[in-house]
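Each chain is listed here by its residues.
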Amino acid sequence: LELEQIRGQLEKVRRASGEVSLQGPGVIIKAADAPGGYLWEEIVHEQDIREIVNNLHFAGAKGVEIGGQRFGTGSWVRCVGPVVVVNGKTVAANPIIIKAVGDEVELKESLRELQEVFALTGKRLDITESDYLELVPR
């Protein structure tokens, strides 16, 4: 019984760190700069990406992936000029594609307010529900 509890805890840690693949329903988010945007507020920055990820986690996301890079415990995201870097790897931007596994309705709802804020500056935050996603391990 104790060994089984330890195995269960280890599996939770591995999932949280992004070390194992994760499958299930969720959302696909595309965060894009304003068309022709060059002003600071018209561009998707690392703060925006972090806010998206934080909202998803608060809404119960079981796992998140940014631009094909699994985002887990110890992960980081930075913008270096026009380039987005996740865990030391450059990812495609404009749009930045973020996937999250969890309750699709809750995840989508957690981004509604941020979606409205994006719209005020011309940025886009498109959210699509998916019956099945697979997040790659880190």
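As the structure is a computational prediction, the values presented were derived from the model and not from experiment.

What should I look at first to understand the overall build of the protein chain in this one?
Looking only at helices and strands, the protein chain has four helices and eight strands in total. Reading the protein chain from its N terminus to its C terminus gives the helix and strand order α-β-α-β-β-β-β-β-β-α-α-β. Taken over the C-alpha trace, the protein chain has a radius of gyration of 16 Å; the compact-globule value for 138 residues is 14 Å, and the two agree within 12%. Over its C-alpha atoms, taken along the principal directions, the protein chain stretches across nearly 60 × 30 × 20 Å. Here the protein chain holds 138 residues, and the buried ones make up 39% of them. Sequence-distant contacts, at least 24 apart, represent 75% of the contacts inside the protein chain between residues at least 6 apart. As displayed, the protein chain has an accessible area near 8,100 Å², and 52% of this comes from carbon and sulfur atoms. Between the averaged position of the 16 positive side-chain charges in the protein chain and that of its 21 negative side-chain charges there is a distance of 6 Å.

It is not clear to me how the sheet that holds strand 4 (residues 77–80) should be interpreted in this structure. Could you clarify?
Each strand in a sheet pairs with its neighbour through backbone hydrogen bonds, running either in the same direction (parallel) or in the opposite one (antiparallel). Here three strands make up an open sheet; going across it, the order is 4-5-6 and the pairing antiparallel. Because the sheet does not close on itself, it has two edges, and the strands there are strand 4 and strand 6 (89–91). Across the sheet, the mean angle separating the axes of adjacent strands is 35° when strand polarity is ignored. Both strand 4 and strand 5 (residues 83–86) contribute to a ladder of four bridges, which runs antiparallel. The partner of R78 across the bridge, within strand 5, is V85. The strands that helix 2 (residues 46–58) touches are strand 4 and strand 5; relative to strand 4, the one it contacts most, it runs at about 160°.

I tried to follow the packing of aromatic side chains on my own but got confused; where do I start?
Centre distance and the angle of the planes are the two values used to describe a pair of aromatic rings. Enumeration according to the criterion identifies zero aromatic pairs in this entry. Taking the ring centre of F118 as reference, the NZ or CZ of K123 above it sits at 4.6 Å.

Can you walk me through the pattern of salt bridges in this structure?
Two side chains that carry opposite charge are able to pair once their charged atoms sit near each other. In this structure the tally under the stated criterion is six salt bridges. The closest approach of N and O atoms between R7 and E4, which form a salt bridge, is 3.9 Å. You can see R7 and its partner E4 sitting in helix 1 (residues 2–17), three residues apart, about one turn around the helix. Taken individually, R7 and E4 each receive the classification exposed, so the pair is uniform in this respect.

Explain the pairing of strand 7 (residues 96–101) here, please?
Look at any regular strand and the pattern is simple: side chains alternate between the two faces of the sheet. Of the pairings in the sheet, the one linking strand 1 (residues 22–32) to strand 7 comprises six bridges and is antiparallel in character. Note on strand 7: the bridge partner recorded for V27 is A100. The sheet contact formed by strand 2 (residues 63–66) and strand 7 spans four bridges and is antiparallel. Directly across from G63, in strand 7, lies its bridge partner V101.

I'm lost on the side chain of S130 in this one. Help?
One can find S130 in strand 8 (residues 124–135). Polar side-chain contacts of S130 include one of 2.9 Å to the backbone oxygen of Y132. In this view, S130 contacts P25, G26 and E104; residues no more than four positions away in its chain are not counted.

Thresholds applied
- Residues numbered from 1 in each chain as written.
- Predicted model: local features only at pLDDT ≥ 70, side-chain atom pairs only at ≥ 80, totals over all residues.
- Heavy atoms only, no water.
- Helix = DSSP H or I, 4+ residues; strand = E, 2+ residues; numbered from the N terminus.
- Rg over C-alpha atoms; globule rule 2.2 N^0.38 Å.
- Buried < 20%, exposed > 50% of the residue type's maximum accessible area, 1.4 Å probe, protein only.
- Contact = heavy atoms within 4.5 Å.
- Areas by Shrake-Rupley, 256 points an atom, 1.4 Å probe, with all protein chains shown as cover.
- Lys, Arg positive; Asp, Glu negative; His and termini not counted.
- Charge placed at Lys NZ, Arg CZ, Asp CG, Glu CD.
- Pairing = 2+ DSSP bridges.
- Axes fitted to C-alpha atoms, helices over the stretch in contact; angles between N-to-C directions.
- Phe/Tyr/Trp six-rings, centres within 6.5 Å; stacked < 30°, edge-to-face > 60°.
- Lys NZ or Arg CZ within 6 Å of the ring centre and 35° of its normal.
- Salt bridge = Lys/Arg side-chain N within 4 Å of Asp/Glu carboxyl O.
- Polar contact = N/O pair within 3.5 Å; in protein donor to acceptor, adjacent residues only side chain to side chain.

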